[in-house]
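Residues per chain, in single letters:
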Amino acid sequence: QVQLVESGGGLVQAGGSLRLSCAASGRTFSSYTMGWFRQAPGKEREFVAAITWSGGSTYYADSVKGRFTISRDNAKNTVYLQMNSLKPEDTAVYYCNADGPFRLRVGVSGDYWGQGTQVTVSS
């Protein structure tokens, strides 16, 4: 079992930056692929980024590549999403997700979700 709690969302102007954090409970965090997904109003939830359990590989949706960076600190049971050059179309609720253990399915969500954190980018 993995419990996830996101933080760091907020309101930012276009071109600004935010860093999201996702704190996980449990001793097995380091065995899970961690991902970020987002859902804008009236749209389906979509994949944003993922990082393997060791942190050795990262994956991004084309829409955020070059602007967002996913990272993790297994000693702190935390995964991060650094978001730079934000655009109004990045406005969404961002969700942290855990898939595993030791499973990599890029773009596919696992069984564990956080409650979400709102990111709003004004033009």
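Whatever comes next refers back to the structure up there.
Bear in mind that the values here come from a model prediction, so they are computed numbers and not experimental data.

A.B. asks: In this structure, what is going on with the overall build of the protein? I would like to understand it.
C.D. replies: Along its length, the protein carries zero helices and 11 strands. Of the regular secondary structure in the protein, the N- to C-terminal order runs β-β-β-β-β-β-β-β-β-β-β. Relative to a compact globule of 123 residues, whose C-alpha radius of gyration would be 14 Å, the protein shows 13 Å and is just as compact. Taking as baseline every contact in the protein between residues at least 6 positions apart, the subset at least 24 positions apart corresponds to 58%. Here the protein holds 12 positive side-chain charges and 9 negative ones, and the gap between their average locations is 5 Å.

A.B. asks: What is the right way to look at the state of the cysteines in this model?
C.D. replies: Put plainly, two cysteines are in a disulfide when a covalent bond ties their sulfur atoms together. On inspection of all chains with the given rule, the structure shows one disulfide. Put simply, Cys22 and Cys96 are joined by a disulfide, and their sulfur atoms are 2.1 Å apart. Disulfide Cys22-Cys96: the torsion about the S-S bond is -85°, which places it as left-handed. Within this pair, whereas Cys22 is found in strand E3 (residues 18-24), its partner Cys96 is found in strand E9 (residues 92-99), the two being separated by 74 residues in sequence. By relative accessible area, which is 0% here, Cys96 ends up buried.

A.B. asks: Can you walk me through the environment of Arg105 in this structure?
C.D. replies: With respect to the element layout, Arg105 can be found in the loop between E9 and strand E10 (112-113). What makes Arg105 partly exposed here is its relative accessible area of 34%. For the pair Arg105 and Trp36, spaced 69 residues apart in sequence, the C-alpha separation works out to 13 Å. Not counting chain neighbours up to four residues away, the residues in contact with Arg105 comprise Asp99 and Gly110.

A.B. asks: Looking at this structure, I do not really get the packing of aromatic side chains. What am I missing?
C.D. replies: Aromatic ring pairs: the centre-centre distance and the angle between the two ring planes describe each pair. Applying the stated criterion across every chain, the model contains five aromatic pairs. Between Trp53 and Phe102, the ring centres sit 5.5 Å apart and the planes meet at 85°, which makes this aromatic pair edge-to-face. Of the two residues, Trp53 sits in the loop between strand E5 (46-51) and strand E6 (58-60) while Phe102 sits in the loop between E9 and E10, which places them 49 residues apart along the sequence. Given a relative accessible area of 25%, Trp53 falls into the partly exposed group. What makes Phe102 exposed here is its relative accessible area of 55%. Across the ring face of Tyr95, the terminal group of Arg45 is positioned such that the distance to the ring centre comes to 3.7 Å. Its guanidinium or amino end placed over the ring of Phe29, Arg72 lies 4.4 Å from that ring's centre, counting from NZ or CZ.

A.B. asks: Teacher, can you tell me more about the sheet that holds strand E7 (residues 68-73) here?
C.D. replies: Through backbone hydrogen bonds, the strands of a sheet pair up, either in parallel or in antiparallel fashion. Judged by pairing direction, the sheet is antiparallel, and its four strands sit side by side in the order E1-E3-E8-E7 without closing on themselves. Bordering the open sheet on either side are strand E1 (4-7) and E7, each of which pairs with just one other strand. Each adjacent strand pair in this sheet contributes to an overall mean axis angle of 15°, direction not counted. When E7 meets strand E8 (residues 78-83), the two strands line up antiparallel, connected through six bridges. Across the sheet, the residue bridging to Thr69 is Gln82, located in E8.

A.B. asks: Would you take a moment to explain the side chain of Thr52 for this structure?
C.D. replies: By the element assignment, Thr52 lies in the loop between E5 and E6. According to the relative accessible area criterion, Thr52 is buried, its value standing at 6%. In contact with Thr52, other than residues within four places in its own chain, are Tyr32, Thr33, Ser57, Tyr59, Arg72 and Leu104.

Reading guide: rules and limits
Residues numbered from 1 in each chain as written. Predicted model: local features only at pLDDT ≥ 70, side-chain atom pairs only at ≥ 80, totals over all residues. Heavy atoms only, no water. Helix = DSSP H or I, 4+ residues; strand = E, 2+ residues; numbered from the N terminus. Rg over C-alpha atoms; globule rule 2.2 N^0.38 Å. Contact = heavy atoms within 4.5 Å. Lys, Arg positive; Asp, Glu negative; His and termini not counted. Charge placed at Lys NZ, Arg CZ, Asp CG, Glu CD. Disulfide = S-S within 2.5 Å. Buried < 20%, exposed > 50% of the residue type's maximum accessible area, 1.4 Å probe, protein only. Phe/Tyr/Trp six-rings, centres within 6.5 Å; stacked < 30°, edge-to-face > 60°. Lys NZ or Arg CZ within 6 Å of the ring centre and 35° of its normal. Pairing = 2+ DSSP bridges. Axes fitted to C-alpha atoms, helices over the stretch in contact; angles between N-to-C directions.

Purely geometric numbers; function is a separate question.
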